[in-house]
Amino acid sequence: MTMASELSTTRKTIVGVQFLFVAFGSTVLVPLLVGLDPATALFTAGIGTFIFHLVTKGMVPIFLGSSFAFIAPIISASQQWGMPGTIAGIAGVALVYFVMSALIKWQGRKLLDRLFPPVVIGPVIILIGLSLSPAAVNMAKENWLLAFVSLVTAIIVLVFGKGLVKLVPVVIGIIVGYVVALCMGLVDLSAVGAAPWFALPGSISHFQLPQFAWEPFVFMIPVAIAPVIEHIGDVYVVSAVADKDFVKEPGLHRTMLGDGLACLFASFFGGPPVTTYSEVTGAMQITRVTHPQVIRIAAGTALVFSVIGKLSALLQSIPSAVLGGIMLLLFGTIASVGVQNLIQHKVDLNQTRNIIIVSVTLTMGIGGAILTFGTFSISGIGLSAVVGVLLNLLLPMKKEA
């Protein structure tokens, strides 16, 4: 692999900016879908990545961006407790990371494998994608032509793209869809013209302390299970790409702690929860540049972009149908990752216990099951994840004859 010390400052900067563009589409798409400020998401992703690198001794080349796992939970929670309470509830995600960090430090990965095996995680990942499908269709049907253009462009890039181009289908799909919308006169650029060139992100310039409430805090906790497992998998993949054992040094407990602190920071400044970005890992594999210093350049670039007021206004001017077209592909892709997870780990669905876990988890999630205790309720992905974990622990492991 190419070390950053072997690259000139100019080349390191170019590669770092390039890595941000790989993560850019997903990082700003999440806040656009849930009603948060995309500039704030860039800001919290940048600072969160720096926090992660500080905790991991600057050794692990990982970029933290907005997590898709929390789109449906944030939308649901904001309808029940409002966005200020929901953002404060993201602190519950950080708590899960902290607990998992302590467990890994204490017991190693064995305990996590017992609690969250593939037969539990696979269905939960499938639900993350499928639970968002109605939102994708509703946004796309506002203008099926724009949605179709964005969707087809992204598919073409995925199928025929080469090198780094293949890693940014979301960005290219949105750009083409946006250009078509401009030609059709469906984009209002007045806000872009009125926006200043430089401005603090909206959530930062109008900073208010989060309105803490225990209901959204508890609501977010079980949803964090899937990103926690995704985090562990990504650390193993990054270790393989960089040809270093980051699981051993600085250790999974440190990477988990860094991710949790980044999520906690996001909760205080109005950004969505962050997670490790496998897209950037893929870019590292193609460029053969794996030094953490280049990732920190990407994080610094995210901070620069976050204070460009016109960029934030431009992102918010993207028509919903353009985003809807991308979502039709993206959320289905997330669901397919869950299926792939089951296949890769050779989960035997001929076993009664496995088919029960998968079936009940999917049915409760897709069916919208809700469990209520007084003023508190848990539903969707969170409830399904908890049920899946409990079934896995309670059902006997004995194989069928």
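Residues numbered from 1 in each chain as written. Predicted model: local features only at pLDDT ≥ 70, side-chain atom pairs only at ≥ 80, totals over all residues. Heavy atoms only, no water.

(A) View of the overall build of the protein chain. In terms of regular secondary structure, the protein chain is built from 20 helices and 4 strands. Its C-alpha atoms give the protein chain a radius of gyration of 21 Å, within 12% of the compact-globule value 21 Å for 401 residues. Dimensions along the principal axes, computed over C-alpha positions, put the protein chain at roughly 65 × 50 × 45 Å. Expressed as a percentage of the 401 residues in the protein chain, the buried residues total 54%. For the protein chain, the share of sequence-separated contacts (at least 6 apart) that also reach a separation of at least 24 residues comes to 84%. (Helix = DSSP H or I, 4+ residues; strand = E, 2+ residues; numbered from the N terminus. Rg over C-alpha atoms; globule rule 2.2 N^0.38 Å. Buried < 20%, exposed > 50% of the residue type's maximum accessible area, 1.4 Å probe, protein only. Contact = heavy atoms within 4.5 Å.)

(B) Representation of the layout of surface pockets in the model. Volume-wise, the second largest pocket comes out at about 400 Å³. Residue lining of the second largest pocket: 22 residues in total, with Ala-72, Ser-76, Ser-131, Gly-365 and Gly-380 positioned closest to the centre. Sorting the residues of the lining of the second largest pocket by element identifies α3 (71–89), α6 (118–130), α7 (133–140), α19 (352–367) and α20 (380–394) as the ones contributing at least two each. Top element by residues in the lining of the second largest pocket is α3. It accounts for 5 residues. A per-class count over the lining of the second largest pocket returns 14 nonpolar, 8 polar and no charged. (1 Å grid on protein atoms, 1.4 Å probe; cavity = no way out; pocket = protein on both sides within 12 Å on 5 of 7 lines; lining within 4 Å. Points joined across faces, edges and corners; volume = space filled by probe spheres on them. Nonpolar A, V, L, I, M, F, W, Y, C, P; charged D, E, K, R; others polar.)

(C) Highlighting the environment of Ser-267. Here Ser-267 shows up in helix α14 (residues 247–269). Along the chain, Ser-267 and Ala-45 lie 222 residues apart, while their C-alpha atoms are 12 Å from each other. Reaching out from Ser-267, the side chain makes a polar contact with the backbone oxygen of Leu-264 at a distance of 2.6 Å. (Polar contact = N/O pair within 3.5 Å; in protein donor to acceptor, adjacent residues only side chain to side chain.)

(D) Examining α3 more closely. The terminal C-alpha atoms of α3 lie 14 Å apart, and with 19 residues this falls more than 12% below the ideal 27 Å at 1.5 Å per residue. Taken as a whole, α3 carries its principal kink of about 120° at Trp-81; the proline Pro-84 stands between one and four residues after it. Along α3, the positions that sit buried rather than exposed are Ile-71, Pro-73, Ile-74, Ala-77, Gly-85, Thr-86, Ile-87, Ala-88 and Gly-89. Elements that come into contact with the buried residues of α3 comprise α1 (9–34), α4 (91–107), α12 (214–220), α14, α18 (320–344) and α20. (Expected span 1.5 Å × (residues − 1). Bend = angle between axes of the 7 residues up to and from the residue.)

(E) Looking closely at the nonpolar core. Phe-19, Phe-63, Phe-116 and Phe-331 are the most contacted members of the largest nonpolar core, which has 110 residues in total. In this view, Phe-331 contacts Leu-33, Phe-68, Ile-71, Gly-129, Leu-132 and Ala-136; residues no more than four positions away in its chain are not counted. (Core = buried A, V, L, I, M, F, W, Y, C linked by side-chain atoms within 4.5 Å.)

(F) Representation of helix α17 (residues 309–316). Of all 8 residues in α17, 6 are buried, a share of seventy percent or more. All of the buried residues along α17 are Gly-309, Lys-310, Leu-311, Ser-312, Ala-313 and Leu-315.

(G) Structural context of the packing of aromatic side chains. One pass over the structure, following the stated rule, counts 5 aromatic pairs. Seen from their ring centres, Trp-81 and Phe-219 are 5.5 Å apart, and the 65° between their planes marks the pair as edge-to-face. Residue Trp-81 is located in helix α3, and its partner Phe-219 is located in helix α12; the two are separated by 138 residues in the primary sequence. An aromatic cluster is built from Phe-43, Phe-265 and Phe-269, whose rings are joined through pairwise contacts. Between the NZ or CZ atom of Lys-310 and the centre of the ring of Trp-197, over which it lies, the distance is 5.3 Å. (Phe/Tyr/Trp six-rings, centres within 6.5 Å; stacked < 30°, edge-to-face > 60°. Lys NZ or Arg CZ within 6 Å of the ring centre and 35° of its normal.)

(H) Representation of unusual backbone geometry within the structure. In this chain, Glu-249 is followed by Pro-250 through a cis amide linkage whose omega measures 15°. Residue position: Pro-250 is located in helix α14. Non-glycine residue Lys-57 carries a positive phi angle of around 65°. Within the element layout of this structure, Lys-57 appears in the loop between α2 (38–55) and β1 (64–66).

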